[in-house]
2 protein chains.
Amino acid sequence: MESNTNVITRRERDCLVTLEEDSPKNFPMRLHQIAQTLRVKPPTALNVIRRLERKGLAESKDGMVILTESGDKVAKSILLVHRTYESLLCQSGVSENSACSEAAEVDYIIPAGNARLILKKIGSPKLCPHGKPIPEEE
Amino acid sequence: MESNTNVITRRERDCLVTLEEDSPKNFPMRLHQIAQTLRVKPPTALNVIRRLERKGLAESKDGMVILTESGDKVAKSILLVHRTYESLLCQSGVSENSACSEAAEVDYIIPAGNARLILKKIGSPKLCPHGKPIPEEE
DNA sequence: TCCACTTATTAGTATCATACTAACGATATT
DNA sequence: AATATCGTTAGTATGATACTAATAAGTGGA
């Protein structure tokens, strides 16, 4: 019945974030590069891409992969949560590197709405601890 | 090689928390009661229990299930994270019920050490929004 | 004592995410 | 043309999750 669309796994999250961050100006990314970034073999990466395609988050042709509009939104929302949580952790006394890897564990689970509320509570910083901008609205 | 001990799945988390909260004074819990609480059939619940046993977190005999000392520690640490995150969300403006279900999504992923730092940052409340005590140390 | 009920357990099946190797095809480079 | 690179397919494997059906084992009542 329900195939749990709009629920995302950790691997899918990593793939979305890779596509968002490593291919800025609407440029496609090559499959083997995605595979290398995710540290998996190409068939495994392709498998992840296929799942993203089924969820309407990515499109691919001849190994060129791009995010759809919907995928871009999801990726940006993940980055919002990521940088918000990172900021919270750093303000609490966690090291930058530690904060980043911890954030990756939860940024695809925590809803963006909650992150925005947390962001306000911790003083609405404009940049994450690494100096990257925290996305405003979608 | 490494079988990912001390990493826990969502179902295992639910099972640990059920055992911790629904069977206080070292009393065993019946399998069918666990199954009902988790809203799964008994064989499914048994399967989860078996995984917890393999990880050294639970023990069972004739359908009587208890947490091991190790399992108790893990469960308490999950509750610490749960109530900390719940408190953070509520302070940020999220409703109690929403905060509770959101917290369950991440409380088994966020390390207790981080939760303690966050707890300090948000003013070291002694109780979660529901009025339950936030565990001190392990 | 025998039957019915509850409970636990086993066996078997299914799905989904993850990941690999091996093999094949296409393209590009030397 | 030979080689290297890349994508893709096929096949296999594991682990978590979940189910049904069947069996076992105990309890309580008629």
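Computed from a predicted model, the values in this text were never measured in an experiment. (Residues numbered from 1 in each chain as written. Chains lettered and ligands numbered in written order. Predicted model: local features only at pLDDT ≥ 70, side-chain atom pairs only at ≥ 80, totals over all residues. Heavy atoms only, no water.)

A.B. asks: Please clarify how the packing of helix α4 (residues 69-92) of chain A against helix α6 (residues 112-121) of chain B should be interpreted in this entry.
C.D. replies: Running from N to C, α4 of chain A and α6 of chain B point in directions that differ by 75 degrees, and their axes come no closer than 8 Å. Looking at the two axes, α4 of chain A sits roughly perpendicular to α6 of chain B. Taking contact as the criterion, the partners of Tyr 85, Leu 88, Leu 89, Gln 91 and Ser 92 of chain A in α4 of chain A are, on α6 of chain B, Asn 114, Leu 117, Ile 118 and Lys 121 of chain B. The residue inventory of the contact of α4 of chain A with α6 of chain B, partitioned by class, reads five nonpolar, three polar and one charged. (Axes fitted to C-alpha atoms, helices over the stretch in contact; angles between N-to-C directions. Helix = DSSP H or I, 4+ residues; strand = E, 2+ residues; numbered from the N terminus. Parallel < 35°, antiparallel > 145°, perpendicular 65-115°, else oblique. Contact = heavy atoms within 4.5 Å. Nonpolar A, V, L, I, M, F, W, Y, C, P; charged D, E, K, R; others polar.)

A.B. asks: Whenever I open this one, the domain arrangement of chain A confuses me. Can you help?
C.D. replies: Residues and elements named next belong to chain A. You can read the domains of chain A as domain 1 (10-67) and domain 2 (73-121). Placing a centre on the C-alpha atoms of domain 1 and another on those of domain 2 gives a separation of 22 Å. Counting residues at the interface gives eight residues for domain 1 and eleven residues for domain 2. Between domain 1 and domain 2, the buried area comes to about 810 Å², and carbon and sulfur atoms account for 63% of it. (Domains from an automatic or database assignment. Buried area = accessible area lost by both parts, 1.4 Å probe.)

A.B. asks: Got a minute to help me understand the relation of the copies chain B and chain A in this structure?
C.D. replies: Both copies of the chain are placed relative to one another by a rotation about an axis and a shift along it. Superposition record for chain B on chain A: RMSD 0.0 Å, screw rotation 180 degrees, translation along axis 0.0 Å. Given the turn and translation reported, the copies of this chain are related as if by a two-fold rotation axis. Ranked by how close their C-alpha atoms come to the rotation axis, the residues of chain B are headed by Val 106 of chain B, at 3.3 Å. Taken as a fraction of all interface residues of chain B, those also at the interface in chain A reach 100%, which identifies the copy contact as same-surface. (Least-squares fit on C-alpha atoms with pLDDT ≥ 70 in both.)

A.B. asks: In this structure, what is going on with the sheet that holds strand β3 (residues 64-67) of chain B? I would like to understand it.
C.D. replies: To summarise the sheet geometry, strands pair through backbone hydrogen bonds and adopt either a parallel or an antiparallel arrangement. All names here are of chain B. Pairing in this open sheet of three strands is antiparallel, and the strands run β1-β3-β2 from one edge to the other. The sheet is open, and its two borders are formed by β1 (29-30) and β2 (58-61), each paired with just one other strand. In this structure, β1 lies alongside β3, joined through two bridges in antiparallel fashion. From the neighbouring strand, Arg 30 faces β3, where its bridge partner is Met 64. Helix α1 (residues 10-22) contacts β1 and β3 of the sheet and is inclined by roughly 95 degrees relative to β3. Helix α3 (residues 42-54) contacts β2 and β3 of the sheet and is inclined by roughly 125 degrees relative to β2. (Pairing = 2+ DSSP bridges.)

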